[in-house]
Amino acid sequence: MVEVSDVQFGYDGREVFSGLNLRIPRGKVTVVMGPSGCGKSTLLSFIGGRLRPGKGSVRFDGDEVPYGAGERLYAMRRNMGMLFQSSALLTDLTVFENVAFPLREQTDLPESLIRILVLMKLELVGLRGARELLPSSLSGGMARRVALARAIVLDPAMIMYDEPFVGLDPISMGVIVKLIRELNDALGLTSIVVTHDVREGCSIADYVYLLGNGQVIGHGPPEEVMQSEQPETRQFMQGLPDGPVGYHYPAEDYLADLRGPG
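Residues numbered from 1 in each chain as written. Predicted model: local features only at pLDDT ≥ 70, side-chain atom pairs only at ≥ 80, totals over all residues. Heavy atoms only, no water.

Which parts of the structure should I look at to understand the pattern of salt bridges?
When charged atoms on two side chains of opposite charge get close, those side chains can pair. Scanning all chains against the criterion turns up 13 salt bridges. Here Asp61 makes a salt bridge to Arg26, at a shortest N to O gap of 2.9 Å. Taken together, the residues span a long stretch of sequence, with Asp61 in the loop between β4 (55-60) and β5 (63-64) and Arg26 in the loop between β2 (14-24) and β3 (29-33) at a distance of 35 residues. With a relative accessible area of 42%, Asp61 lands in the partly exposed category. A salt bridge links Arg78 to Glu71; its shortest N-O distance comes to 3.1 Å. The exposure class assigned to Arg78 is partly exposed, which follows from its relative accessible area of 33%. A single network of salt bridges, built from pairs that share partners, joins Glu97, Arg104 and Glu111. (Salt bridge = Lys/Arg side-chain N within 4 Å of Asp/Glu carboxyl O. Helix = DSSP H or I, 4+ residues; strand = E, 2+ residues; numbered from the N terminus. Buried < 20%, exposed > 50% of the residue type's maximum accessible area, 1.4 Å probe, protein only.)

Following this line, the structure appears as structure tokens:
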């Protein structure tokens, strides 16, 4: 479904990717993990056409992602759903109106059919009874489920999840984990889950990519990645404080810095 080839990219002189290569298989749940700042969310921005790689190519469903505003990009995005880390619900709209928003913007369906589609998607995430609530009345887990209903309301071919487990209590996290796996299988989706939660990510993954040092440093089925002896992979998957991934951000000599200029 997605093919990323030799992508290079950086911010303000800091290298993020130095030749990233990965493939997202159709119909599967692919989990992308790695330390904070390794470029996981940036990867989703490449796929969705919000950022352009410095070099390399990104293909979606066989076609090159068309960067820059235009009908080709918008048409491609209609086949992509996105669950943002913050849920990104529209605060002045009810749950029902939030989920209906993409249908009203992207289709000419009558309101009677929009109502049925919205209620169907809310039923899938267990929140049909909350349709008249405002986002301010929702818990973090409920808001994430509403955002998920909105992400699938147009029946996209693929959904991207940006840190879907952040800030959730264990019960809400378990619900989201279950929904990602079940919706992927029931709706025939392709799912890309960006997360740093090893246990939850591996519990639903068909395939795992681990990013670091600007590239893929480990990949494979979750059980294979968990048992890897490769140092960077082992440190991340087991949560080890000591290893090749350093604690300190690169800086000049400590004593020289304390002494100051001259």
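What is the right way to look at helix α6 (residues 170-187) in this model?
Three or four residues apart is the spacing at which side chains of an α-helix point the same way, because the helix has 3.6 residues per turn. Here α6 is 18 residues long and its end C-alpha atoms lie 25 Å apart, about the 26 Å a rise of 1.5 Å per residue gives. Among all positions in α6, only Ser172, Met173, Ile176, Val177, Leu179, Ile180, Leu183 and Asn184 are buried. On an axial view of α6, the arc spanned by its buried residues comes to 160 degrees, and they lie on one face. Away from its buried face, by an angle of more than 90 degrees, α6 presents the exposed residues Pro170, Ile171 and Ala186. In this fold, the buried residues of α6 make contact with β3, α4 (111-124), α5 (140-152), β7 (158-162), β8 (190-194) and α7 (198-204). (Expected span 1.5 Å × (residues − 1). Arc of directions from axis to C-beta. Contact = heavy atoms within 4.5 Å.)

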